[in-house]
Amino acid sequence: MAAAGAPNGADHGHVEHRAAAQALSGGERYRSRLALSFGLITVFFVVELVGALLTNSLALLSDAGHMLTDVVGLGMALAAIQAAARSRRSGQRSYGLYRLEILAALANAGLLFAVACYVLYEAYQRFLAPPEVPAIPLLAVATAGLAANLVVFALLRQGASESLNLRGAYLEVLADLLGSVGVIIAAVVLATTGWPYADPIVAAAIGVFILPRTLRLGREALRILLQAAPPEIPIPAVRDDLAALDGVVDVHDLHVWTLTSSMEVLSAHVMTRVDADAHRVLDQARALLIERYDLGHATLQVEPESHEGCHEMHW
């Protein structure tokens, strides 16, 4: 006997609606903030790029390059949210387009990694022959970039805790913010001491700061794409808790994965005694998964122990 999430259609529909709402709350309801952030960052990317070319500052160029990844990343985040909103579950896309959010986050990580590597390489070259960099124009552009980053940082901060997609954009903006602070410090050092190594040192520091955060973001996106279980949900404990329910004799083919940010999914075969009330077991299992593991979207196949064949379906 197969059942999904609840013994009747109304309750099951409520669970599905809740799971979908969780996923959307992490992205779609922050769309206007994301759009405003995209506009601000685009404008100040152009400002910083022009300023970097005029001042010959690697630190400012690295910050502008990082802002470019913000522009691309925020644009992809907006596109992913829009596509997911337009295509919930239609045709062959039974899960809609929720995974676009994760693909966007992975692309952001790749862009950040490339920028960080380029900046570190260029910083090494400038250590060998540091060019002259005018301090005052550098300070003015970096200060304007810092102001823009502070605004975008405030806009994205709340959504970053709910959406991996927004978290990627948020981390980029955070790194940009700290990068702008670094450029300001370099400009002050140049203005007061004329020390030519301040610019490449700050640029290298920005690159080193970006790399570990980029790797964490990419690793999290890959974990979701590979359908590995969330680290906060221990699979053996879930199996043991389900198996301990009254009337349950075995749990197998248990899988837990993340569809998109804040939307974890479970499927399992729950074997019961022949005389067990399948509806009661299903209700208990659903309640346990929601209350103990916050798993609101579970597909459970309840089968009596006299049933044959399902034990051969392990994969």
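Would you take a moment to explain the overall build of the protein for this structure?
Helices and strands together make up the secondary structure of the protein, namely nine helices and four strands. Summarising the internal contacts of the protein: among those between residues at least 6 apart in sequence, 77% fall at separations of at least 24. Counting every atom, the protein has about 14,400 Å² of accessible surface; 63% of that belongs to carbon and sulfur.

Got a minute to help me understand the pairing of strand β2 (residues 248–260) in this structure?
A regular strand carries its side chains on alternate faces of the sheet. Of all 13 residues in β2, 10 are buried; the element is thus mostly enclosed. Where β2 and strand β3 (residues 263–272) come together, nine bridges link them in antiparallel fashion. Following the sheet pairing, W257 is matched in β3 by V265. Linkage of β2 to β3, two consecutive antiparallel strands, is achieved through a turn of two residues, within which S262 is found at a positive phi near 65°.

What's the story with empty space enclosed by the protein in this structure? I'm lost.
With a probe scaled to a water molecule rolled over the atoms, the places where space remains empty come into view. For the coordinates displayed, the defined rule picks out two cavities of 30 Å³ or more. For the second largest cavity, the calculated volume is near 60 Å³. Taken together, H66, L112, L171, E172, A175, F209, I210, R213, T214 and L217 make up the lining of the second largest cavity. Examining the composition of the lining of the second largest cavity, we find that five residues originate from one element, helix α7 (residues 198–225), more than from any other. Of the residues belonging to the lining of the second largest cavity, the class tally is six nonpolar, two polar and two charged.

Help me out: how do you make sense of the packing of helix α4 (residues 100–128) against α7 in this one?
Look at α4 against α7: their axes get within 7 Å of each other, and the N-to-C directions meet at 155°. With respect to α7, the axis of α4 lies roughly antiparallel. Classified by chirality, the crossing of α7 by α4 is left-handed. Of the residues in the contact of α4 with α7, the class split is 25 nonpolar, four polar and two charged.

What is the right way to look at the packing of aromatic side chains in this model?
This model, assessed by the stated rule, comprises two aromatic pairs. Between F127 and Y197, the aromatic rings sit 6.1 Å apart at their centres with planes inclined by 15°, giving stacked as the arrangement. Separated by 70 residues along the polypeptide, F127 in helix α4 and Y197 in the loop between α6 (164–193) and α7 bring together distant segments of the chain. The class of Y197 is partly exposed, set by a relative accessible area of 29%.

Rules of the game
- Residues numbered from 1 in each chain as written.
- Predicted model: local features only at pLDDT ≥ 70, side-chain atom pairs only at ≥ 80, totals over all residues.
- Heavy atoms only, no water.
- Helix = DSSP H or I, 4+ residues; strand = E, 2+ residues; numbered from the N terminus.
- Contact = heavy atoms within 4.5 Å.
- Areas by Shrake-Rupley, 256 points an atom, 1.4 Å probe, with all protein chains shown as cover.
- Buried < 20%, exposed > 50% of the residue type's maximum accessible area, 1.4 Å probe, protein only.
- Pairing = 2+ DSSP bridges.
- 1 Å grid on protein atoms, 1.4 Å probe; cavity = no way out; pocket = protein on both sides within 12 Å on 5 of 7 lines; lining within 4 Å.
- Points joined across faces, edges and corners; volume = space filled by probe spheres on them.
- Nonpolar A, V, L, I, M, F, W, Y, C, P; charged D, E, K, R; others polar.
- Axes fitted to C-alpha atoms, helices over the stretch in contact; angles between N-to-C directions.
- Parallel < 35°, antiparallel > 145°, perpendicular 65-115°, else oblique.
- Left-handed = near helix turned anticlockwise from the far one by under 90°.
- Phe/Tyr/Trp six-rings, centres within 6.5 Å; stacked < 30°, edge-to-face > 60°.

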